[in-house]
Amino acid sequence: MRGLILAINPGSTSTKIAVFQKDVKVKQTNITHDATELAKYEKIADQFDFRKKQILEYLKKEGIKIEDFDCIVGRGGLLRPMPSGTYKVTDKMIEDLKIGFQGEHASNLGGIIAKSIANEIGKEAYIVDPVAVDEFEDIARISGIPEIKRRSLVHALNIKAVSRRVAKDLGKSLNDCNFIVAHLGGGISVAPLKKGKIVDVNNANESGPFSPERCGQVPVGDLVKLAFSGKYTQKELKKKMVGQAGLVGYLGTNDARVVEEMIKNGDKKAKLIFEAMCYQIGKEIGAASTVLFGNVDKIILTGGLAYSQRLVEYITDMVKFIADVVVIPGEDEMQALAEGAYRVLIGEEMAKIYEEEVKI
Ligand SMILES: Nc1ncnc2c1ncn2[C@@H]1O[C@H](COP(=O)(O)OP(=O)(O)OP(=O)(O)O)[C@@H](O)[C@H]1O
Ligand SMILES: CCCC(=O)O
């Protein structure tokens, strides 16, 4: 076994692909897709041929034969609620990725494309820690309205990867650690990890802190009024909540670097909004600490926003009384995908079977 792994991570506007030799990255590229091209497809799954063709063209251009890969790993999507881990891509999983069991998400294509390439060469395809990872305790599922359940949708891939890193640095297994991880990207997930499990999370699309583009938790009465105001269709309001809210809504940009420039230039509104986002993140970390009864080994700040010194300092001042803060800026989802597949290739972990882990 040469340990050559192809990792595929489809995002809303691009497809990242990377080639790994064992768990070491050899090559990575980001194929950006023209928005007008993607707009031609009604459903995410309809983009399959288009994206797969571009991946294969890239590999050909680089002189990489698909037959040389030992396995293909893709980012998993909005599948049924499932425990974390590396999963074999199976027929039922493909069916659920195609329909988008918990919704449409570009990452639904990861497993579908991985399986299709793997089938051509007679190898296995895997997904690792998809957004649908659900390790909630039952108490976390209760919302306050019987018809509405709290759901676990979470940046699990990066959260688990950075947690494993910090646990290793502490000389512990992840299963022995209690962490609070704040993934601070375009969307924000703040998750308490109890003995390594994500036992609660805000759900970046509908609750928790507001983010560069999403509204987070807003007063529900006013949201209902807005929904029935006749100003928006359901689709328009949803788009506003997850794409045109947060920093974009208040300041017209989703780029925190631009907001920091505005602050440096004396823009008081920009300062207030930026600090409000930090304040809400700090507050959510405080809430997560109560889930762990204060037994927190480390608080981990990760994602693109964690590059911001201003943001890190603001939040650290708020939460350092709970535990030490570790900052791991950015994310390396490609590395996390390859590591998940590699653990299975070398027998360190058994690949899970979707049909055995989820409620069908
Ligand atoms: N050096 C930096 N300083 C400050 N902010 C930064 C820096 N680099 C990136 N960001 C901010 O991080 C945010 C995006 O983070 P990231 O790239 O992790 O998100 P994403 O991958 O697009 O979304 P998600 O994490 O929800 O999948 C943007 O607001 C961006 O401006
Ligand atoms: C809902 C968490 C995952 C994402 O925002 O992509």
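Rules used in this analysis
All residue numbers refer to position in the chain's written sequence, counted from 1. Key to labels: chains lettered from A, ligands numbered from 1, both in the order written. Side-chain atom pairs in this predicted model are given and counted only at pLDDT of 80 or more, local residue features only at pLDDT of at least 70, and totals for whole chains, interfaces and linings cover all residues. Hydrogens and waters are ignored; side-chain quantities use all the structure's heavy atoms. Residues are classed as near a molecule or strand on a simple rule: at least one heavy atom within 4 Å of it. By the criterion applied in these results, polar contacts are pairs of N or O atoms within 3.5 Å in which, for protein atoms, one can donate a hydrogen and the other can accept it, and in which residues neighboring in sequence qualify only through two side-chain atoms. Using a 1.4 Å probe, the Shrake-Rupley method yields the accessible areas, and only the shown protein chains count as cover for residues. Polar here means any residue other than Ala, Val, Leu, Ile, Met, Phe, Trp, Tyr, Cys and Pro, which are nonpolar, and Asp, Glu, Lys and Arg, which are charged; Gly is therefore polar. The secondary structure listing takes helices from DSSP runs of H or I that are at least 4 residues long and strands from runs of E that are at least 2 residues long, numbered from the N terminus. Delimitation of the domains relies on an automatic or database domain assignment. Buried surface area refers to the total accessible area, computed with a probe of radius 1.4 Å, that the two partners give up upon joining, counted for both partners together. Salt bridge, as used here, is a side-chain nitrogen of Lys or Arg placed within 4 Å of a carboxyl oxygen of Asp or Glu. Ring pairs shown here join Phe, Tyr and Trp side chains whose ring centres sit within 6.5 Å, with only the six-membered ring taken for Trp; geometry is labelled stacked below 30 degrees between planes, edge-to-face above 60, and tilted in between. Throughout this description, buried means an accessible area under 20% of the type-specific maximum (1.4 Å probe, protein chains only), exposed means over 50%, and partly exposed covers the range between.

## Some words on the site of ligand 2
So, step 1. Around ligand 2, the neighbouring residues are His 105, Val 131, Leu 153, Val 154, His 155, Asn 205 and Arg 214.
So, step 2. Within the side chain of Arg 214, a nitrogen or oxygen atom sits 2.7 Å from an oxygen atom of ligand 2.
So, step 3. Computed on the free molecule, ligand 2 has an accessible area of 230 Å², of which 92% lies beneath the protein chains in the complex.
So, step 4. Residues of the shell around ligand 2, tallied by class, amount to 3 nonpolar, 3 polar and 1 charged.

## Side note on the site of ligand 1
So, step 1. Close to ligand 1 lie 16 residues; His 183, Gly 187, Asn 254, Asp 255 and Ala 256 are nearest.
So, step 2. Contact distances for ligand 1 include 2.8 Å between an oxygen atom and a backbone N or O atom of Ala 256.
So, step 3. If ligand 1 stood free it would expose 650 Å²; the protein chains cover 71% of that surface.
So, step 4. For the shell around ligand 1, the leading source of residues is helix α9 (residues 256-264), giving 3 residues.
So, step 5. Tallied by class, the residues present in the shell around ligand 1 amount to 4 nonpolar, 9 polar and 3 charged.

## Concerning the domain arrangement of the chain
So, step 1. Along its sequence, the chain is carved into domain 1 (4-135 + 333-357) and domain 2 (156-329).
So, step 2. Each of domain 1 and domain 2 was reduced to a C-alpha centroid, and the two centroids are 26 Å apart.
So, step 3. Of the roughly 880 Å² buried between domain 1 and domain 2 on both sides combined, carbon and sulfur atoms contribute 58%.
So, step 4. Linking domain 1 with domain 2 are 2 salt bridges, by the criterion used here.
So, step 5. At the surface where domain 1 touches domain 2, the tally comes to 3 residue pairs in polar contact (both at pLDDT 80 or more).
So, step 6. With 4 residues, the top contributor of residues to the side of domain 1 that touches domain 2 is helix α12 (residues 333-345).

## Concerning the packing of aromatic side chains
So, step 1. All chains considered together, the criterion is met by 2 aromatic pairs.
So, step 2. Aromatic pair Tyr 41 and Phe 50: ring centres 5.9 Å apart, planes at 35°, arrangement tilted.
So, step 3. For Tyr 41, a relative accessible area of 23% puts it in the partly exposed group.
So, step 4. When the ring of Phe 210 is compared with that of Tyr 250, the centres are 5.9 Å apart and the planes differ by 45°; the resulting orientation is tilted. With a gap of 40 residues between them, Phe 210 in the loop between β9 (197-198) and α6 (220-227) and Tyr 250 in helix α8 (residues 246-251) connect regions that are remote in the sequence.
So, step 5. Judged by its relative accessible area of 7%, Phe 210 is buried.

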